[in-house]
Amino acid sequence: MAKVLERQKEDLSIVIAGHVDHGKSTIIGRLLADTDSLPEGKLQQVKETCRRNSKPFEYAFLLDALKDEQSQGITIDSARCFFETDKRRYIIIDAPGHIEFLKNMVTGAARAEASLLVIDADEGVRENSRRHGYMLSMLGIKQVAVLINKMDLVGYNQQIFQEIVEEYTEFLHQINIKPISFIPVSGMRGDNIANLSKRTKWYQGETILEVLDSFNGEKLPGDKPFRMPIQDIYKFTKGGDDRRIIAGTIESGQIKIGDEIVFYPSGKRGKVKSIEAFNEDPKESVSVGYATGFTLEEQIYITRGEVATLAGQSRPQATSRIKVNLFWLGKNSMKKQKDYYLKLGTTKVKAKIEKVVRVIDASKLSQNEDKNEIERHDVAECILKLEKAIAFDLINEIAETSRFVIIDNYEIAGGGIIQNALEDEENWVSENNIIWHEGEVTYEDRCRNIGQQGLVVWFTGLSGSGKSTIAVEVEKELIKQGKVLYRLDGDNIRYGLNSDLGFIKEDRDENIRRITEVATLFKDAGLITLASFISPFKSMRDFAKKKIGEENFIEIYVKANIEVCVKRDPKGLYEKAKQGEIENFTGISSPYEEPEDPDVVIDTEELTVAESVEKVLKLVDSLQITVDSETQKRHPN
Ligand SMILES: Nc1ncnc2c1ncn2[C@@H]1O[C@H](COP(=O)(O)OS(=O)(=O)O)[C@@H](OP(=O)(O)O)[C@H]1O
Ligand SMILES: Nc1ncnc2c1ncn2[C@@H]1O[C@H](COP(=O)(O)OP(=O)(O)O)[C@@H](O)[C@H]1O
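Note that the structure is a prediction, hence the values are computed from the model and not measured. (Residues numbered from 1 in each chain as written. Chains lettered and ligands numbered in written order. Predicted model: local features only at pLDDT ≥ 70, side-chain atom pairs only at ≥ 80, totals over all residues. Heavy atoms only, no water.)

Peer 1: Report on the overall build of the protein chain, specifying residues and quantitative values.
Peer 2: Each helix and strand counted, the protein chain has 16 helices and 28 strands in total. Among the 637 residues that make up the protein chain, the fraction classed as buried is 50%. Across the protein chain, every contact between residues at least 6 apart in sequence was considered, and the portion connecting residues at least 24 apart equals 73%. (Helix = DSSP H or I, 4+ residues; strand = E, 2+ residues; numbered from the N terminus. Buried < 20%, exposed > 50% of the residue type's maximum accessible area, 1.4 Å probe, protein only. Contact = heavy atoms within 4.5 Å.)

Peer 1: Describe the pattern of salt bridges, with residues and values.
Peer 2: When their charged atoms lie close together, side chains carrying opposite charge are able to pair. Under the counting rule described, the total for this entry stands at 36 salt bridges. Two residues, Glu369 and Arg358, come together in a salt bridge whose shortest N-O distance is 3.6 Å. Of this pair, Glu369 sits in the loop between β19 (367–368) and β20 (373–374) while Arg358 sits in strand β18 (residues 347–361); the two residues are 11 residues apart in sequence, bridging distant segments of the chain. Judged by its relative accessible area of 53%, Glu369 falls in the exposed class. Using a relative accessible area of 22% as the deciding quantity, one classes Arg358 as partly exposed. Several salt bridges converge on common partners, so that one network encompasses Lys323, Arg358, Glu369 and Glu381. (Salt bridge = Lys/Arg side-chain N within 4 Å of Asp/Glu carboxyl O.)

Peer 1: Before we move on, could you go through the nonpolar core and cite the residues and values that matter?
Peer 2: Residues Phe101, Tyr134, Val146, Ile148, Tyr168 and Phe327 are the most contacted members of the largest nonpolar core, which totals 47 residues. In terms of domain composition, this core takes at least three residues from each of domain 1 (11–214) and domain 3 (317–421). Each residue touching Phe327, except ones within four places of it in the same chain, is listed here: Leu102, Met135, Met138, Leu139, Asp378, Val379, Ala413, Gly414 and Gly415. Ranked by size, the runner-up nonpolar core spans 33 residues in total, among them Leu31, Leu63, Val185 and Leu212. (Core = buried A, V, L, I, M, F, W, Y, C linked by side-chain atoms within 4.5 Å. Domains from an automatic or database assignment.)

Peer 1: Could you give an account of the site of ligand 2, with specific residues and numbers?
Peer 2: Around ligand 2 sit 15 residues in total, of which Gly464, Lys467, Ser468, Thr469 and Leu607 are the nearest. At 2.8 Å, a backbone N or O of Lys467 approaches an oxygen atom of ligand 2. In this structure, an oxygen atom belonging to ligand 2 sits 2.5 Å away from a side-chain N or O atom of Ser468. Protein contacts shield 77% of the accessible area of ligand 2, which totals 560 Å² for the unbound molecule. The leading source of residues in the shell around ligand 2 is helix α10 (residues 467–480), at 4 residues. Here the shell around ligand 2 is composed, by residue class, of 5 nonpolar, 8 polar and 2 charged. (Near = heavy atom within 4 Å. Polar contact = N/O pair within 3.5 Å; in protein donor to acceptor, adjacent residues only side chain to side chain. Areas by Shrake-Rupley, 256 points an atom, 1.4 Å probe, with all protein chains shown as cover. Nonpolar A, V, L, I, M, F, W, Y, C, P; charged D, E, K, R; others polar.)

Peer 1: Before we move on, can you summarise the pairing of strand β6 (residues 181–184) with the specific residues and values?
Peer 2: Where burial is concerned, the two faces of β6 agree: the one with Ser181 and Ile183 and the one with Phe182 and Pro184 are both buried. Where strand β5 (residues 144–149) meets β6, 4 bridges bridge the pair, whose relative direction is parallel. Bridging from a neighbouring strand, Ile148 pairs with Pro184 of β6. In this view, the connection linking β5 to its parallel neighbour β6 by way of helix α6 (residues 158–174) has right-handed handedness. (Pairing = 2+ DSSP bridges. Right-handed = clockwise from strand over helix to strand, strands pointing away.)

The following block contains the structure:
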């Protein structure tokens, strides 16, 4: 588990951004030097090196010199450095690559609460001065100070300063940012960084350090509703210790023992039994910023990616259709139809563009409503369709649980914020006034009653590959183990429930849809369902997995070559199909789409029936969390 954060003096993370060569590194070097945050002798050492190489000393060199030093507490990793004023400790995040910055903002590794935007007085407002402003505004960083740097190059001319102030203020106004101040500075000469400069007598404002100290720090814990994205569940089952610690980092709010937690999107609930801290005594309460864990009175099954919230406080949104504002930094444009991953908090789901509403040029602020793809450096408003519902907040409510990144081919390629939660189109039932009637007995009650969790083991494969043979044997073994289960088989279901369906694609899809509904109900009853169907189409297998729930679903590909299946031909059907007596026969005259990423592949040409069965049982065993019989309840509360 992540170490609990040590917190003494207040921390404030600031992102520093600006066009290349506008002087970010020099300003950072100055800030470190002027606040005595450099290691003993470092300044002298760098000056000495410059002298030896007959190079004029620059404060920017300090950053390079510090990059290698990891031990001093104030040194720099490639993107961050630290310094202190009397008021607090600052973490300066340099945002050169942006992707890294984006990742840090979204994962919480380094989350900026304010920003310094640097503009070169000599060059004036450049494309990136505007783009970076836009990006920060979008990510919800509203505390901004603008540093007009290199004033020495323009003779400390107030007129030039004023013109830039006017031009940039107008731009920032359009993107909803009201800068706290504009400061005329020279990183090179140290004007208005830690001390007011005599060279800008016309400037009546504050130094950079004073402005930093005037930024608001993070909101007090408890100001906002509790949010903790679940990172992991740690199970201890040895030596009488049967705790299940639900771990994560608290993004906002606080909890205490006895509080009722509601997890989203599942809606599951439980009461906090204990609060755990790594290498520390258990605590009574814990608040924002801590990596922590808690246990619950109830044994409920939740997974990474859910968001823990407090009952009675405002709830997060949960849907699989969202309207977002995103900016794209990927080499390849973001396109409709293509699958991406969206990562928000600890959840990661497949995402597709449903609609590009408009594309905005972040520098010129021009808009285009006819584009169908999002190019590098574009900002876009679009509707995303996610593979399943996720929990999140809107940017104005809780920014931390509203920011996301988009992953394209394993790399972060864009990011943004969620503007709106949209109705799930699949939710036609609500439009037809059909409302699921929740009884008072919960899924957890049912599971406790029979001492197991609901699980669907889905066997897919060609006719004759061995699905039924294996499922029948697995069923016998699980019954011996005392499990409560039911086996659903292609032929049996088509015997009654689906006797109206044939083998054209539409009928096969409807077959699997109905079976999925049945399996979902069985799962909800706490049963183990062994489902063996050819289920030749990936889209319907994915549908089953999504509907039943990934954590309660195992996909097993029972694999055997078509030639082998034809040879086995246990029911003589291949022979008939070849003679043209059966139409649309899978593998002969109808396709079978092989699973791309099943939980397990059972190659029945290689394994014996007994070996196949053992493989399945092992997997079922590793996933089935047996509910403790002592806590079994015959009746729910
Ligand atoms: N045209 C055609 N294609 C495939 N299978 C056929 C066909 N006609 C009848 N059968 C018999 O039906 C069983 C498959 O039913 P499923 O419900 O599993 O099929 S599907 O998932 O809807 O594709 C299948 O059972 P298994 O051999 O156990 O797979 C066959 O016995
Ligand atoms: N390792 C194996 N696993 C399962 N079945 C096997 C295996 N090796 C041979 N077989 C034979 O293959 C046939 C599979 O038929 P069946 O289980 O009805 O397939 P399906 O349900 O996939 O149509 C049976 O006759 C079975 O005895």
